[in-house]
Amino acid sequence: TSSTSSTTTTNAKPNTKPGKKKNKLSYVQMAKLGYQELVHAIIRPPRSNYPLEALGAEQFQFGGKQFERKDFGVVNERGLLIECSMWQRVQQEGEGEL
């Protein structure tokens, strides 16, 4: 099982020219940085990485019905593997189509 992660970076760099004191960010620069970090946290949050076992048992009962989890991967347009899980009810013998 493979997983992907993303890293968020900002382009703001303090003034680090030799022989000069570091300049503090202005209130406007700090507001812009804060806004960029907020946007990245909401629109493109960091991906969660967790082991497959964290999803629980592959088969379980709920409400007296048997369910199973099927794990699979889909490659997106950028060539990245998107890992997916689908839970569905197990059809018992004698039952019609669900």
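As shown above, the structure is provided for reference.
Keep in mind that what you see is a predicted model, and the values were worked out from it rather than measured. (Residues numbered from 1 in each chain as written. Predicted model: local features only at pLDDT ≥ 70, side-chain atom pairs only at ≥ 80, totals over all residues. Heavy atoms only, no water.)

Draft legend 1. Layout of the overall build of the chain. When its secondary structure is counted, the chain shows 1 helix and 3 strands. Looking at the chain residue by residue over its 98 residues, the buried ones come to 3%. In the chain, 31% of the contacts between residues at least 6 apart in sequence involve partners at least 24 apart. Accessible surface for the chain amounts to roughly 9,000 Å². Of this, 53% is attributable to carbon and sulfur atoms. (Helix = DSSP H or I, 4+ residues; strand = E, 2+ residues; numbered from the N terminus. Buried < 20%, exposed > 50% of the residue type's maximum accessible area, 1.4 Å probe, protein only. Contact = heavy atoms within 4.5 Å. Areas by Shrake-Rupley, 256 points an atom, 1.4 Å probe, with all protein chains shown as cover.)

Draft legend 2. Structural detail: the packing of aromatic side chains. Taken as a whole, this structure holds 1 aromatic pair when the rule is applied. Their ring planes at 15° and their centres at 5.7 Å tell us that F60 and F67 sit as a pair that is stacked. (Phe/Tyr/Trp six-rings, centres within 6.5 Å; stacked < 30°, edge-to-face > 60°.)

Draft legend 3. Main features of the sheet that holds strand β1 (residues 59-62). The strand order across the open sheet built from 3 strands is β1-β2-β3, with neighbouring strands paired in antiparallel fashion. Unpaired on one side and paired on the other, β1 and β3 (81-89) mark the two borders of the sheet. If you compare each strand with its neighbour and ignore which way they point, the axes differ by 35° on average. Pairing geometry for strand β2 (residues 65-75) and β3, over 9 bridges, is antiparallel. Looking at β3, one finds that F67 is bridged to R89. (Pairing = 2+ DSSP bridges. Axes fitted to C-alpha atoms, helices over the stretch in contact; angles between N-to-C directions.)

Draft legend 4. Broad picture of a nonpolar patch on the surface. A cluster of nonpolar side chains, F72, V74, I82 and M86, forms an exposed patch at the surface whose accessible area comes to about 310 Å². Checked against the element boundaries, V74 lands in strand β2. (Patch = residues over 30% accessible without salt bridge, like charges linked within 9 Å, V, L, I, M, F, W, Y side chains within 5 Å. Salt bridge = Lys/Arg side-chain N within 4 Å of Asp/Glu carboxyl O.)

Draft legend 5. Main features of the pattern of salt bridges. Summed over all chains, the structure comprises 2 salt bridges. A salt bridge links E68 to K70, with the nearest nitrogen and oxygen atoms 3.9 Å apart. On the basis of relative accessibility, which here comes to 39%, the residue K70 falls in the partly exposed class. For the salt bridge of R69 with D71, the shortest nitrogen-to-oxygen distance reads 2.9 Å. Overall, R69 belongs to the buried group, its relative accessible area being 6%.

Draft legend 6. Region of the structure containing the environment of I82. Along the chain, I82 turns up in strand β3. Expressed as a C-alpha distance, the spacing of I82 and F72, which sit 10 residues apart in the sequence, is 8.6 Å. Apart from the residues lying within four places of it in its own chain, the contact partners of I82 are F72, G73, V74 and N76.

Draft legend 7. Expanded view of the pairing of β2. As paired strands, β1 and β2 are joined by 4 bridges and run antiparallel to one another. Looking at β2, one finds that Q61 is bridged to Q66. Linking β1 back to β2 in an antiparallel pair, the connection comprises 2 residues, with G63 at a positive phi of about 60°.

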